[in-house]
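The chain contents come next:
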6 protein chains.
Amino acid sequence: MSRIDGRTPDQLRPVTIERGWSKHAEGSVLISFGDTKVFCTASVTEGVPRWRKGSGEGWVTAEYSMLPRSTNTRGDRESVRGKIGGRTHEISRLIGRSLRAVIDYKALGENTIVLDCDVLQADGGTRTAAITGAYVALADAIAWAQGKKIIKPARKPLTGTVAAISVGIVDGTPLLDLCYEEDVRAETDMNVVCTGDGRFVEVQGTAEAEPFDRTELNALLDLATAGCVDLARFQNDALAATLGA
Amino acid sequence: MSRIDGRTPDQLRPVTIERGWSKHAEGSVLISFGDTKVFCTASVTEGVPRWRKGSGEGWVTAEYSMLPRSTNTRGDRESVRGKIGGRTHEISRLIGRSLRAVIDYKALGENTIVLDCDVLQADGGTRTAAITGAYVALADAIAWAQGKKIIKPARKPLTGTVAAISVGIVDGTPLLDLCYEEDVRAETDMNVVCTGDGRFVEVQGTAEAEPFDRTELNALLDLATAGCVDLARFQNDALAATLGA
Amino acid sequence: MSRIDGRTPDQLRPVTIERGWSKHAEGSVLISFGDTKVFCTASVTEGVPRWRKGSGEGWVTAEYSMLPRSTNTRGDRESVRGKIGGRTHEISRLIGRSLRAVIDYKALGENTIVLDCDVLQADGGTRTAAITGAYVALADAIAWAQGKKIIKPARKPLTGTVAAISVGIVDGTPLLDLCYEEDVRAETDMNVVCTGDGRFVEVQGTAEAEPFDRTELNALLDLATAGCVDLARFQNDALAATLGA
Amino acid sequence: MSRIDGRTPDQLRPVTIERGWSKHAEGSVLISFGDTKVFCTASVTEGVPRWRKGSGEGWVTAEYSMLPRSTNTRGDRESVRGKIGGRTHEISRLIGRSLRAVIDYKALGENTIVLDCDVLQADGGTRTAAITGAYVALADAIAWAQGKKIIKPARKPLTGTVAAISVGIVDGTPLLDLCYEEDVRAETDMNVVCTGDGRFVEVQGTAEAEPFDRTELNALLDLATAGCVDLARFQNDALAATLGA
Amino acid sequence: MSRIDGRTPDQLRPVTIERGWSKHAEGSVLISFGDTKVFCTASVTEGVPRWRKGSGEGWVTAEYSMLPRSTNTRGDRESVRGKIGGRTHEISRLIGRSLRAVIDYKALGENTIVLDCDVLQADGGTRTAAITGAYVALADAIAWAQGKKIIKPARKPLTGTVAAISVGIVDGTPLLDLCYEEDVRAETDMNVVCTGDGRFVEVQGTAEAEPFDRTELNALLDLATAGCVDLARFQNDALAATLGA
Amino acid sequence: MSRIDGRTPDQLRPVTIERGWSKHAEGSVLISFGDTKVFCTASVTEGVPRWRKGSGEGWVTAEYSMLPRSTNTRGDRESVRGKIGGRTHEISRLIGRSLRAVIDYKALGENTIVLDCDVLQADGGTRTAAITGAYVALADAIAWAQGKKIIKPARKPLTGTVAAISVGIVDGTPLLDLCYEEDVRAETDMNVVCTGDGRFVEVQGTAEAEPFDRTELNALLDLATAGCVDLARFQNDALAATLGA
């Protein structure tokens, strides 16, 4: 069976990770999963939220947003509507939790890093691209802060790498990295966040049309785990390059 | 190993389902999972949201909320703060999706059912109790609407039953139906929504402290599946009783 | 003349006061005036709002809210609308003022007690039931705080008891404790808050259909005063019982 | 006993009612009760809110607001805070109810009149001045609309006149029309809205410091009733003058 | 060519400046430009916003608002809508910047002055009347604060005077001080803020119907500069009078 | 005198205009003025806002926003704060007015075009880059709509071109196209919007530190007019290229 864009079921879309896309942010990445493009910035500030003061521990959080015309039909701006929608809230929280899973708060010291993930163009998988790109921006920001001695250079605030991918069952076939057209047709949709060593940080599966059984769940988890291994390699390759080169 | 409240790892807390708790709502249930108590009402209105008009199909949606002192420390009211928090949004959406998974929109006709799930007392598992109780309120509301011929009596708007339970790994042991104290200590936390025939509607696993591997995931899914079978039986028993008797 | 539910004009609906309805709150009551059910919790926190710091005096405040399906037709949640309506504001303020009328701020010390009054089911008289129940929850919370030495055990923060009842003129007849059907038909509607020694804390009379004269006002005040005496007795009886027995 | 400003206990402050203060509004009044100045406009629009369409009946509503520096200390603007406070809500609702008490909706036809009462300077009694002034603006707006045949000239949309005054007990003495300094010292505070024929539209008494008994309540009602008679005369005198003369 | 109200193209409408219009505010002015009436109050508070603390410098800011029926058709209150519109924001910022242009922050000391400009009646030019009146209220507030030694009496917090006027091209003719009817017909509309010595603080020109060329711009600037000279004289005359005389 | 980045006083920063940057929007441009980068999309929808229905005329509007880390220090998201700030409102309105100045509403037919201008990186001049880029996106969107016959191909909805540039006086010298460092040091700051034929659409000059005189104003207008001529040429060159080539 051939997919809309000719991929095999277990194939990722082309992934690009451009570091240093912002002259202001301490870490910044423009990541693309096919036509999905997300701009991720990591902002370091000394100090932590009030509830964490004096703990000696840092904090990492994230905000996700879509530009109004990142989608096929223009959506209202949440700033104009005056409130953030449930989907935005949900994804922001997911990104934050995913990154915190690889953070050693003590090693971070009392510093805060905010990841902003703004979707410039959407074609399915925006949350997984956001997590995957935000990790790279976070790594750059931490390196920057260690260079400035804001974070102690001898510490290792990152305990591993983290990446995410979507999987789903379309017309009965489990597929990796759904584009928008596949996503809307999926019977089941799952987002999986893995560490670089292949363990799970988040597993979120949803029956869109039909409840799914254990066999289908296993097939999806197999696909996602393999996809995350590939993404971890792309992340490491991107970080291995000299920034600005 | 014995749990805080003496249960075995695969044991649910005592479950009670009281139907007809409201004289106004078309369906209403006070459900408790141990000390967690959620009041669920189902409100039927003829007509559907604008985007669905003329489709011949109905709609089911849900709103979840916690009373300010349902928790150990009083929380601010979201109405007073003027906005709904991310967690509330996320759970409301989860409940709605879970119930829609067992709805035949055509059979519902152009009618809307809103499920309100208000947590009166929280001790872990409020979202799973809400889904489990809301299903019963929904079934009662559909029966009421069929009695009133608002929904065609010959149709079957419910395609199955749905229930939910939390599972987690605490001190390395997979446990079913976490109470609050277990929940805060869990390394991994998962909410699983199943249909009565044992298939998955939602699987949401989160590494709270440590990423989890496939073996742990499988152990949690086994526990949750068995727990949902028990809950389905409680739901059926409750619905088999004469309402108001 | 016989009333909808067979009561005499000067008769209260059945009143029940269940204490200890929450395991978390320092004081909690489920009160019912007939089919009107209000869940009242009292939450004690050490410290006072900023404008009162250093005064040596405490503070008592209240928030009232209706569950969306507490009424015959589902109402929108104020949290979803993003703002609190005028009626909710008005009643919250009334409950707070009523309880503060029997508080000795000095004896309370710099502690704050928040009363949450959530209407689970509405059938007229929700604000009067809320005040009457909140007093009992407040008394339990103060006793708890004195037991914990948060409030000095030798002091008497309560200077008396307080209860409230509605009265109105329906078809020319003054009636006590209106249920919803009577309330919508009332020409004049009045809420009266009294201390246990028969003095007035609040008198709020409104001509719904027709202005009222002094004679009618006097008849309503007579009814209300007598009703509050009965409510004070129910409160004292409830508080005389051993909590949890 | 002499009052702060030398008045007798049963004496109103100087009352002025200037009609035609706005060139745009269909009715407009600048009313002063001593140093309290409220600008009242009545705006007529054809048509009624959706819930009243097709009823053949009109609607009257009111909005009250204080300019930020109408008080001794500048208050935040409610538009800047993004929400309306409880007191503002409460008073807006009171003004609306008071005016509707003298309206024959059928005679008004399907027209809406909005009363805006903006406090330019506050010195106690702003809500009572607002009601008293708004009545005059309303009467002018109705006359205007009858002149334009928007309201049928043969009908009498006003069934009477309405005015309001505050009373209170200060140092044990019942006083009429409290200025700000008296108001803050009052043990009991009451606002009374009366029709021109001496009947009650609203009676709102609040124990600020000490519950009050029936004798005190009666003394306050006597004072208020007499004060409203005087105000009705001022209203009639103002309306008897030729507008713009 | 004669204007709607008979003025010559370079003629201001009648200007009145009444000082001391509020008994509470430290400075207050009711200014009218023809039928446009704006009530300006200046409120002095000791201390400055957080971002300015410890600087030894003061702050001046402004808030502009229109009463709902200041215009020909009633507008919604921004407090009721829950947000401030773009036009209100824009004008508030313009007024603040204009006044700060003549303030020596050091001489002000760490004090804040807030100017509230509330439009009671609008007939074009509300923002220019607001700036012109607010300057006078500001001068009075500074004098008051120097009298109270809140601001050092030896310092000169005002470095000059500031006034504003609108100009526009109507039917090809440049006109000074547009009334509402002229304003809606203007091809080009400009607001100019000048210091008393004839220099520019703000120049805001907008092509409403047709782009304008340099010659037209020059003609408008000539008119505005002359108009501001006249306004500066009215301001000085007003301030030369004894307040309250 | 040499500028921070080595430019002459009358020299623009390097300008790049990349068309077709979004696969979804009907027109889209990534424009840069030096390090300032703004992403502009034009979204076409058939139909117009309610107040314009049946007029046969179209509508063009704009929304401007800055990504939180487009600046040197991260700013809060306006969606999270729940309200749009004054500066954002002001610039959105300016962009909309500027583009409408070259629109023939009749030729547009009853269609709406929304311009979204999101600042990805800010280094001064974001509003002028936004206007200049939005014009190009608008032209592409109109061409697209004419290709689809949504707008009549024979009509000319654009009556000209429009571009904008900032100018200012820094250390006494008038400079064109200020970068951020120049902008914060400017005594006077002006934004000028011109049509391609050299006429003015908007002139907004502000004295930041010191009022400016007519001579300075003239020098700034000369610089800006020349800069806009250059920008018009860049726009025409960009539009002359084949899209996607």
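Note that the structure is a prediction, hence the values are computed from the model and not measured. (Residues numbered from 1 in each chain as written. Chains lettered and ligands numbered in written order. Predicted model: local features only at pLDDT ≥ 70, side-chain atom pairs only at ≥ 80, totals over all residues. Heavy atoms only, no water.)

Draft legend 1. Spatial organisation of the sheet that holds strand E1 (residues 15-19) of chain A. Residue and element names in this part refer to chain A. Spatially, the five strands line up as an open sheet ordered E1-E2-E3-E5-E4, and their pairing is mixed. The outermost strands of the open sheet, each flanked by one partner alone, are E1 and strand E4 (59-66). Here the strands of the sheet are splayed against their neighbours by 15 degrees on average, with no regard to which way each runs. Across five bridges, the pairing between E1 and strand E2 (residues 27-33) is antiparallel. The residue of E2 that forms the bridge with Arg19 is Val29. Sitting on the sheet, helix H2 (residues 86-100) touches E4 and strand E5 (111-121), and the angle it makes with E4 is about 145 degrees. (Pairing = 2+ DSSP bridges. Helix = DSSP H or I, 4+ residues; strand = E, 2+ residues; numbered from the N terminus. Axes fitted to C-alpha atoms, helices over the stretch in contact; angles between N-to-C directions. Contact = heavy atoms within 4.5 Å.)

Draft legend 2. Fine view of the interface of chain F and chain A. On the side of chain A, 36 residues touch chain F, which itself brings 36 residues to the contact. Its largest share of buried area at the contact with chain A, chain F owes to His24, Arg69 and Arg77 of chain F, together 24% of the area lost on that side. Across the pair Asp118 of chain F and Arg77 of chain A runs a salt bridge whose closest N-O atoms are separated by 3.0 Å. Summed over the shared surface of chain F and chain A, the result is 24 residue pairs in polar contact (both at pLDDT 80 or more). Mapped onto the side of chain F that touches chain A, the elements with two or more residues apiece are strand E3 (36-46), strand E4 (59-66), helix H1 (78-81) and strand E5 (111-121) of chain F. (Buried area = accessible area lost by both parts, 1.4 Å probe. Salt bridge = Lys/Arg side-chain N within 4 Å of Asp/Glu carboxyl O. Polar contact = N/O pair within 3.5 Å; in protein donor to acceptor, adjacent residues only side chain to side chain.)

Draft legend 3. Representation of helix H4 (residues 126-147) of chain C within the structure. All names here are of chain C. The end-to-end C-alpha distance of H4 is 31 Å, a good match for the 32 Å that 22 residues give at a rise of 1.5 Å each. Of all 22 residues making up H4, 19 are buried, and the element is well covered by its neighbours. One or two residues past the end of H4 sits Lys149, with phi positive at roughly 65 degrees. (Expected span 1.5 Å × (residues − 1). Buried < 20%, exposed > 50% of the residue type's maximum accessible area, 1.4 Å probe, protein only.)

Draft legend 4. Molecular detail of the relation of the copies chain F and chain A. The two copies are related by a screw motion: chain F maps onto chain A through a turn of 180 degrees and a shift of 0.0 Å along the axis, at an RMSD of 0.0 Å. In the structure described here, the two chain copies are related by an operation that fits a two-fold rotation axis. Closest approach to the rotation axis within chain F is made by the C-alpha atom of Ser79 of chain F, at a distance of 1.8 Å. (Least-squares fit on C-alpha atoms with pLDDT ≥ 70 in both.)

Draft legend 5. Broad picture of unusual backbone geometry. Residue and element names in this part refer to chain E. For Lys149, which is not glycine, the phi dihedral falls at a positive 65 degrees. Relative to the helices and strands, Lys149 resides in the loop between helix H4 (126-147) and strand E6 (162-170). A relative accessible area of 63% places Lys149 in the exposed class.

Draft legend 6. Region of interest: the sheet that holds strand E8 (residues 188-195) of chain F. Spatially, eight strands are ordered E7(E)-E6(E)-E8(E)-E9(E)-E9(F)-E8(F)-E6(F)-E7(F) in an open sheet, and the strand pairing comes out antiparallel. What marks the edges here is a single partner per strand, and that holds for strand E7 (173-176) of chain E together with strand E7 (173-176) of chain F. Across the sheet, the mean angle from the axis of one strand to that of its neighbour is 15 degrees, orientation sign disregarded. Relative to strand E9 (residues 200-207) of chain E, strand E8 (residues 188-195) of chain E runs antiparallel, the two sharing seven bridges. Note that in E9 of chain E the partner of Cys194 of chain E across the bridge is Phe200 of chain E. Against the sheet, helix H2 (residues 86-100) of chain F engages E9 of chain E together with strand E6 (162-170), E8 and strand E9 (200-207) of chain F, with an angle of about 150 degrees to E9 of chain F.

Draft legend 7. The arrangement of the pattern of salt bridges in detail. Evaluation of the coordinates by the stated rule reveals 142 salt bridges over all chains. Salt-bridge contacts for Arg233 of chain B lead to Asp230 of chain B; the nearest nitrogen and oxygen are separated by 3.3 Å. Placement of the pair is Arg233 of chain B and Asp230 of chain B together in helix H6 (residues 214-240), with a separation of three residues, close to one helical turn. As a salt-bridge pair, Arg77 of chain E and Glu63 of chain D come within 2.8 Å of each other at their nearest N and O atoms. Residue Arg77 of chain E is located in the loop between strand E4 (59-66) and helix H1 (78-81), and its partner Glu63 of chain D is located in strand E4 (residues 59-66); the two belong to separate chains. Glu63 of chain D matches Arg77 of chain E in its accessibility class, with the two residues each being buried. One continuous salt-bridge network, built from bridges that share partners, spans Arg3, Asp5, Arg7, Arg13, Asp35, Asp123, Asp177 and Glu182 of chain A together with Lys23 of chain F.

Draft legend 8. Just the environment of Gly160 of chain F, in detail. Residues and elements named next belong to chain F. Assignment of secondary structure puts Gly160 in the loop between helix H4 (126-147) and E6. Gly160 sits 21 residues away from Ala139 along the chain, and the two C-alpha atoms are 10 Å apart. Those residues within four positions of Gly160 in sequence are excluded, and the remaining contacts are Val102 and Tyr135.

Draft legend 9. Summary view of the UniProt feature "binding site: phosphate" (unreviewed entry) in chain A. All names here are of chain A. Within this numbering scheme, the UniProt entry marks Arg87, Gly125, Thr126 and Arg127 as carrying the feature "binding site: phosphate" (unreviewed entry). Spatially, the listed residues are clustered: although they cover 41 residues, their C-alpha atoms lie within 13.5 Å of one another. In terms of polar contacts, Arg87 uses its side chain to reach the side chain of Tyr64, at 3.1 Å. In this view, Thr126 contacts Thr36, Val38, Tyr64, Arg87 and Val119; residues no more than four positions away in its chain are not counted. (UniProt positions renumbered as here; feature names shortened; annotations may be inferred.)

Draft legend 10. Local environment of the UniProt feature "domain: Exoribonuclease phosphorolytic" (unreviewed entry) in chain A. When the UniProt feature table is mapped to this numbering, "domain: Exoribonuclease phosphorolytic" (unreviewed entry) covers residues 11-141 and 161-226 of chain A. Annotated as residues 11-141 of chain A, this span is 30% helix and 32% strand, and its ends, taken at the C-alpha atoms, are 30 Å apart.

Draft legend 11. Spatial organisation of the side chain of Asp116 of chain C. Checked against the element boundaries, Asp116 of chain C lands in strand E5 (residues 111-121). A distance of 2.8 Å separates the side chain of Asp116 of chain C from the side chain of Arg77 of chain B, its partner in a polar contact. Beyond its immediate chain neighbours, meaning those up to four positions away, Asp116 of chain C contacts Pro68, Arg74 and Arg77 of chain B together with Phe39, Cys40, Thr41 and Glu63 of chain C.

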